[in-house]
Amino acid sequence: MARGKLRIHLGAAPGVGKTYAMLSEAHRRVERGTDCVVAFVEHHDRPRTEALLHGLEQVPRRELEHRGGLFPEMDLDAVLARRPGVALVDELAHTNVPGSRHAKRWQDVEELLAAGIDVVSTVNIQHLESLGDVVESITGVRQQETVPDEVVRRADQIELVDMSPEALRRRMAHGNIYRPDKVDAALSNYFRPGNLTALRELALLWVADRVDAHLTRYRSEQGVSRIWGSRERIVVGLTGGPEGRTLIRRAARLAEKGAGGEVLAVYIARSDGLTSASPKELALQRTLAEDLGGTFHHVVGDDIPAALLAFARGVNATQIVLGSSRRKAWQYVFGPGVGATVARESGPDLDVHIVTHGEIAKGRGLPVARGARLGRSRRMWGWLVGVAGPPLLAALLSAVDLGLANDMLLFLALTVAAALLGGLLPALASAAVGSLLLNYFYTPPLHRWTISDPKNIVAIVIFVAVGAAVASVVDLAARRTHQAARLRAESEILSFLAGNVLRGETGLEELLERVRETFGMDSAALLERAGDIEPWTCAARVGRGRPVGRPDQADVDVPVGEHMALALTGRVLPAEDRRVLAAFAAQAAVVLDRSRLQEEADRARTLAEGNRIRTALLAAVSHDLRTPLAGIKAAVTSLRSEDVDWSEEDRAELLEGIEEGADRLDHLVGNLLDMSRLQTGTVTPLIREIDLDEVVPVALGGVPEGSAVLDVPETLPMVAVDPGLLERAVANLVENAVKYAPPGTPVLVAASALADRVEVRVVDRGPGVPDAAKDRIFEPFQRYGDAPRGAGVGLGLAVARGFAEAMGGTLSAEDTPGGGLTMVLTLRAARSRPSPLLADGPWRGPAADSERQAS
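Residues numbered from 1 in each chain as written. Predicted model: local features only at pLDDT ≥ 70, side-chain atom pairs only at ≥ 80, totals over all residues. Heavy atoms only, no water.

Colleague: Break down the sheet that holds strand β23 (residues 810-815) for me, with residues and values.
Modeller: A sheet is described by the order of its strands in space; here five strands give the open sequence β19-β21-β22-β24-β23, paired in mixed fashion. Among the strands making up the open sheet, the edge pair consists of β19 (708-711) and β23. On average, each strand axis in the sheet is inclined to that of its neighbour by 20°, with strand direction left out of account. The sheet contact formed by strand β22 (residues 757-763) and strand β24 (residues 821-828) spans seven bridges and is antiparallel. Looking across to β24, one finds that V758 is bridged to L827. Running over the sheet, helix α22 (residues 723-740) touches β19, β21 (747-754), β22, β23 and β24 and is turned about 170° from β24. Together, β23 and β24 form the strand contacts of helix α23 (residues 796-806), whose direction differs from that of β23 by roughly 130°. (Pairing = 2+ DSSP bridges. Helix = DSSP H or I, 4+ residues; strand = E, 2+ residues; numbered from the N terminus. Axes fitted to C-alpha atoms, helices over the stretch in contact; angles between N-to-C directions. Contact = heavy atoms within 4.5 Å.)

Written as structure tokens, this is what we have:
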């Protein structure tokens, strides 16, 4: 059966018109021929809302008695039997009256949706569970009725019912929301303009976040790369310089101007280690960005403007914040700079802000050329100087005679300049062209390619050798510097990641996401297999790229041992990046092994807990076993004594003591054995269908007559249980209840059916148990209050819960209305019959309804 669809009308405060909008929607659907009924709608005596109920079919409500009063509730069974196309259910966060099937109305709605019925409901923003503290700090009212955020987030449609605070207060003043005697108090307390404005902002932001999540998922599924300016996302481009903090603060101020704005700080490092930003400065900027509510990202890219734009479009950013260039005026001959390039190529969908700062035109704080291989622009300048420079120099020297030695030094200087700019090949070209020009223009015989003086031949050879040597040294220095810078960049990244992994701050998926983001890949996955012929399985995967089932299907794969590999899709990486990827892959394997070792440690901890319990068992029973044994031994010794002539009454009393001690010992040993079976996992229930009235009366045989009252209707469905385990569980519950019940007050053992399950309730009127201790009383060796050691070792409830869970049921404790404790044993029903409904949880009464509570 297809699940029904949920539509929620969300409001910022009572009275904005949620119920009115829901009823109007119902009339529109009825006009279209939809089968729509009113399951439960509260009009709160508002005439216009009540008028909309006319013409809509209403399912009669149930009236439940509680503390001497009758309260109307939605008749869930009647709605399910009616099976409409759409059901209107008002006040999603409402707490049901005890006696209802579920504790909360949203649980009723979940059952309707599971039955394939569409539901239209209403809720106020202050009733969302995650906003409880925020709403209390704004209004001073603690919301007692809440609904989990996930229930609302899973809704197929959320419609915001909005109204300005002024209009809402006018409605209140006109008597359209509350009765006249409540208007003044409401306007001066909950419905103050500031309160309503803050609640309205919460509602708008919450809906905006949900819409943004849907948009992100849609763009990912459809592969949309073009920016949609649906929300302000500001990307801050960082260089690692001190001006980065100014840029982050400026971006945060821009984000504050638009509700829901985001700040994403990104540092782009060249894959060849071009920059040498201070790790300390980057750490400060990361902390600042996160303190201001933004995020920090580390991306690798050779072309910084292209990488920055790709990142901005990938996150659907709307603005980019960059700092004014720190380059001096003469440095612009090498290119327009990152800011100008990003502004030129950003297109119409991205706004680029160039922010001034105190480091403008002070020169690059980061040594761009010193830490990298010679770039393309420098090589072009080197070839230009090496090829075109010698002819230009020859033309200049034709006008003046400086002598052959000076001419050679000038050509050598030009060769050295070509080597410094472009490296080895431009310098060799400069040396070759320069030697030919020296030979033709300046070495006798002039204007001929021959050399008459052997000394000049030696000079030209030395000139070429010096030029080649200088060029090779410069090229070797550039290569070594590039290698050192790259290794430094790799070590910084790996040390940062290793520190996170060792501290346990990075999980496997977070590490893979860092790999994917760092190298700009579409997806990253860690594959493994058990053996050489076993199929590959995916241990973890991130990204939205195509899935890969084997390493050879990926664009890049890095093996980790014999049966594990890191697989990436998106593009082919250069070979020099594989060393870093290998380290990443090794780290991923370490994280995976650590998680598995953690699981092993958890299992070992469980075994250690079992050993602890067994040790505590021996310590706890030392007195409780010896006490009945000592009593039996004393009674038997007295009976066998030939020195005393026992009367019949004394003999009967001693025999009765022996019998009681034996029963107590049998009960204690039985609980000990049961607890041991539960701890070792050897309880194997034999499930079969049986009636409760065949088991529960037998379980009451161990308590004094008249101390328990049984109420098990014959109309109850059969239950699927192990009769022996059920009998022991009920017996322990009843024995515990009788122990704490006041004298003369019998314990009630009642049973009822709830949908596909049956509940057995053991109700006492004893002192009860605080909420904080309700779970602890089910732990082994726990005796609540001042129970003496002779009252048992505290295993009865632990055994009862263990048996209940072994049969697929549950055992919980709740307060008895009027005082006391109620043990609720829930069992699986073999078949269903109509039966009275019983509440699952506490009820706070009609005064806790959302509309009444706000007033």
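Colleague: Mind laying out a nonpolar patch on the surface, listing which residues take part and the relevant values?
Modeller: Among the surface-exposed residues, W383, V387, L425 and L428 lie close enough to one another that they form a single nonpolar patch of about 360 Å² accessible area. Listed by contribution, the elements that provide at least two residues to the nonpolar patch are α14 (376-397) and α16 (424-442). Topologically, W383 is positioned in helix α14. (Patch = residues over 30% accessible without salt bridge, like charges linked within 9 Å, V, L, I, M, F, W, Y side chains within 5 Å. Areas by Shrake-Rupley, 256 points an atom, 1.4 Å probe, with all protein chains shown as cover. Salt bridge = Lys/Arg side-chain N within 4 Å of Asp/Glu carboxyl O.)

Colleague: Please give an account of the packing of aromatic side chains that cites residues and values.
Modeller: Under the counting rule described, the total for this entry stands at zero aromatic pairs. For R61, the ring lying beneath its charged end belongs to F40, and the centroid distance is 4.1 Å. Over the ring of F778 we find R801, and its NZ or CZ is 4.0 Å from the ring centre. (Phe/Tyr/Trp six-rings, centres within 6.5 Å; stacked < 30°, edge-to-face > 60°. Lys NZ or Arg CZ within 6 Å of the ring centre and 35° of its normal.)

Colleague: Run through the side chain of S121, naming residues and quoting values.
Modeller: Topologically, S121 is positioned in strand β7 (residues 118-124). Here V89 takes part through its backbone oxygen, which lies 2.7 Å from a polar atom of the side chain of S121. Setting aside chain neighbours within four positions, we find S121 in contact with R7, I8, H9, M22, V89, D90 and L92. (Polar contact = N/O pair within 3.5 Å; in protein donor to acceptor, adjacent residues only side chain to side chain.)

Colleague: Quick one: what's the story with the nonpolar core, residue by residue and with numbers?
Modeller: Grouped together as the largest cluster of nonpolar side chains are 52 residues, with contacts concentrated most on L92, L112, I125, V147, M172, F191 and W206. Ranked by the residues each element gives to this core, the list is headed by helix α9 (residues 193-222), at six residues. Excluding its chain neighbours within four sequence positions, the residues that come into contact with V147 are L92, A93, W106, V123, H127, L128, E129 and V152. Grouped together as the second largest cluster of nonpolar side chains are 43 residues, V695, V703, A753 and A829 included. (Core = buried A, V, L, I, M, F, W, Y, C linked by side-chain atoms within 4.5 Å. Buried < 20%, exposed > 50% of the residue type's maximum accessible area, 1.4 Å probe, protein only.)

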